[in-house]
Amino acid sequence: MKKKIVPVAIAILLMILTVAIGFGTGIMEKYSYSDERADLFAYFGITQQGETAILLQDEVLEEKAIPENGTYYLPLSFVKNEINQRFYYDYKEDLLLFSLPTETITVPLSNTSYTTEGNTIELGYPIVLRKEDAVYVAVDYVKAFANFSYEAFEGPSRIQIRTKWGEKKVAYIKKKTQVRYRGGVKSEILFDMAAGDEVTVLETMENWSKVKTTNGIIGYVENKRLRDEQMVSETPVTDVAEPVYTSRTKDYKINMVWNMVTNTTANGNVDELLANTKGINTISPTWLSLSDNNGNISSIADASYVARMHERGIEVWAMFDNFTNKEVSTAEVLAYTSKRNLLVQNLMNQVQAYGLDGINLDFEQIPQESADDYIQFIRELSIACRNAGIVFSIDNYVPTGYTAHYNRQEQGIVADYVVIMGYDEHWLGSDEAGSVASIDFVENGIADTVSVVPKEKVINALPFYTILWGVGENVTSKAYGMKGAEEFLAQKGVSGQWDEETCQNYYTYTEEGVTYHMWLEDERSIETKLNVMKNYDIGGVSGWRLGFEKPGIWDKIASFVQGE
């Protein structure tokens, strides 16, 4: 009997031992640390030779730098978006430009040096590279004009860039361990850490912390492996002084009016048009226009006009437009540095020839794809105006999605005044009848602009006209000056009523099956707009256009200008 029990007991024991071993192996498998290593090239998104990963702050970017000529080159798109938007590349003439308050530094594609303030600096390698349509700029050239830090590492190639500084939490490794791709012992190993190594703690969880190594690898370490956590202050990079854009903003509120002039003979009418005005200190005659695709301009400027305005104590800011000569391609002109340079020089010749006090730039319908070229032109024209000691103002329609690329914030830095054309909410030829400038439309335009432009640089322009709308089978529209509109309504015998929504007197009547509408601009509507402008304490007022207004509005405008 005993002989039969022994084999059975042994078998049971073996089964128990097998289960125990299996269980123990499972436990060990579950809780043991994986020694599998991650592919760091895949981790940094490097797919081909000659790429350098970019780490911005604590993020690995999709964009890649390139190592070449013993240095690193950053993508221009990255430089503009993350470091300094004023770097500009002319793809037509292969020039890298950077505009400062009083000069633009120009670097041709093959140049290894650049000149600023009369001094030439040699870097010993090409400053800019072009790989088909992609442009790259040497990191140390960028650093000469912008405050950021960088540090490069190999295996794989990567460059750590910091543009922001503050406080960060650091800790030290207790003993030898690994940084893993995820929080867990089975996650792949990214990097081996030795006792005493420093890490930046980005996020702390229950058992693991997300950390960043001093060589730019971000992963996870067990909390039990960390010691001496503490907050430290980062030292900002301040090697480059912020550029100072001196401004000719006045110490009084601007009271400007546009004088529409279509030929030289019309210049003689300005004194008559000014006879019933009050308090105008600035006039902008429509004298200058882009005339061809090379950067030339047409001009109907008049020296005696300027002299007469100066006798009245009125400054002359000649308006320069891109729409009088409709066959001209603004995009074509702005895309070439040589054409922009000619354009700026032609404008400065006009300033000198006629003693102009300022340039009022009115470029409209700039396509999205020309946004960089337009802003670069504004920078370059601002330099010329600043160096010539004249005022530079820029006209903009009320901010909308269609004009967001006009970059009013940059305008507010480089120009003296940003003018809101606070009208054309509904315009001649519009498919829908409505107010030219309702009060909400006007206020929203001012609020949006002062959110990015210093209020003392903001001028809001008022409409001295209104539109008669006819709504039948089609929508028709016809513009009237203030006096002409009131005379027309009186002839029709139409009475109006105050519309609280638009803050305008509203008129409507029906004739021969067509319903007519008019939201009238008059003393009351203008005063309401001026009160909004007063609340925002902006830098001035303008009006389109001289001769369309009623004499009574000048008392309202004078009250605003004088701060009453």
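Look up a bit, the structure's there.
Since this is a predicted model, take the numbers as computed values, not measurements. (Residues numbered from 1 in each chain as written. Predicted model: local features only at pLDDT ≥ 70, side-chain atom pairs only at ≥ 80, totals over all residues. Heavy atoms only, no water.)

Undergrad: Explain helix 6 (residues 303–311) to me, using residue names and the numbers behind them.
TA: All buried positions along helix 6 are accounted for by Tyr305, Val306 and Met309. Summarising the axial view, the buried residues of helix 6 lie within an arc of 100°, below the 170-degree limit, and thus occupy one face. For helix 6, the secondary structure elements touched by its buried residues are strand 20 (254–259), helix 5 (270–274), strand 21 (282–285), strand 24 (315–321) and helix 8 (337–354). Downstream of helix 6 by a residue or two, Gly313 has a phi angle that is positive, lying close to 80°. (Buried < 20%, exposed > 50% of the residue type's maximum accessible area, 1.4 Å probe, protein only. Helix = DSSP H or I, 4+ residues; strand = E, 2+ residues; numbered from the N terminus. Arc of directions from axis to C-beta. Contact = heavy atoms within 4.5 Å.)

Undergrad: How would you summarise the side chain of Asp373 if you had to cite specific residues and measurements?
TA: With respect to the helices and strands, Asp373 occurs in helix 9 (residues 371–388). Discounting chain neighbours no more than four positions away, the residues touching Asp373 are Tyr88, Leu334, Ala335 and Arg340.

Undergrad: Please set out the nonpolar core residue by residue, giving values where relevant.
TA: If you look at the biggest cluster of nonpolar residues, it comprises 91 residues, and the most contacted ones within it are Ile283, Trp287, Phe320 and Tyr374. In terms of residues, this core owes the most to one element, helix 9, which gives seven residues. With residues up to four places along the chain from it excluded, the contact list for Tyr374 reads Leu334, Leu361, Phe363, Ile366, Ile394, Tyr406 and Gln411. Counting 35 residues, the second-largest nonpolar core is a separate cluster that includes Ile54, Ala65, Tyr136 and Phe145. (Core = buried A, V, L, I, M, F, W, Y, C linked by side-chain atoms within 4.5 Å.)

Undergrad: Could you give me a rundown of the sheet that holds strand 12 (residues 158–162), with the residues and numbers involved?
TA: With mixed pairing, seven strands are arranged side by side in an open sheet as 9-10-3-2-1-12-11. Strands at the two margins of the open sheet, each flanked by one partner only, are strand 9 (128–131) and strand 11 (149–153). Recorded for the sheet is a direction-independent mean angle of 35° between the axes of neighbouring strands. Pairing between strand 11 and strand 12: five bridges, direction antiparallel. Paired with Tyr150 across the strands is Ile161, a residue of strand 12. Contacting strand 1 (52–56), strand 2 (59–68), strand 3 (71–75), strand 10 (134–138) and strand 12, helix 3 (residues 76–83) runs over the sheet at an angle of about 70° to strand 3. (Pairing = 2+ DSSP bridges. Axes fitted to C-alpha atoms, helices over the stretch in contact; angles between N-to-C directions.)

Undergrad: Any chance you could break down unusual backbone geometry for me, citing the residues and the numbers?
TA: Negative phi characterises most residues that are not glycine, and trans characterises most peptide bonds. Of note, the bond from Gly155 into Pro156 is cis; its omega dihedral lies within 30 degrees of zero at 0°. Residue Arg545 is bonded to the preceding Trp544 through a cis peptide linkage, with omega at -5°. Relative to the assigned elements, Arg545 resides in the loop between strand 34 (540–544) and helix 14 (553–561). Look at Asp424: it is not a glycine, yet its phi comes out positive at around 65°. Relative to the helices and strands, Asp424 resides in the loop between strand 27 (417–421) and helix 11 (439–450). Judged by its relative accessible area of 24%, Asp424 is partly exposed.

Undergrad: Explain the pattern of salt bridges to me, and be specific about the residues and the numbers.
TA: One pass over the structure, following the stated rule, counts 28 salt bridges. Among the ionic pairs, Arg37 bridges to Asp192, the shortest N-O distance being 2.8 Å. Residue Arg37 is located in the loop between helix 1 (2–31) and helix 2 (40–43), and its partner Asp192 is located in strand 15 (residues 189–193); the two are separated by 155 residues in the primary sequence. A relative accessible area of 44% places Arg37 in the partly exposed class. Since its relative accessible area comes to 38%, Asp192 is described here as partly exposed. The partner of Glu410 in a salt bridge is Arg379, with the nearest N and O atoms 2.8 Å apart. Placement of Glu410 in helix 10 (residues 408–414) and of Arg379 in helix 9 is noted, with a sequence separation of 31 residues between them. For the pair shown, Glu410 and Arg379 are each scored as buried. Members of the salt-bridge network, linked through shared partners, are Asp58, Arg162, Lys212 and Glu234. (Salt bridge = Lys/Arg side-chain N within 4 Å of Asp/Glu carboxyl O.)

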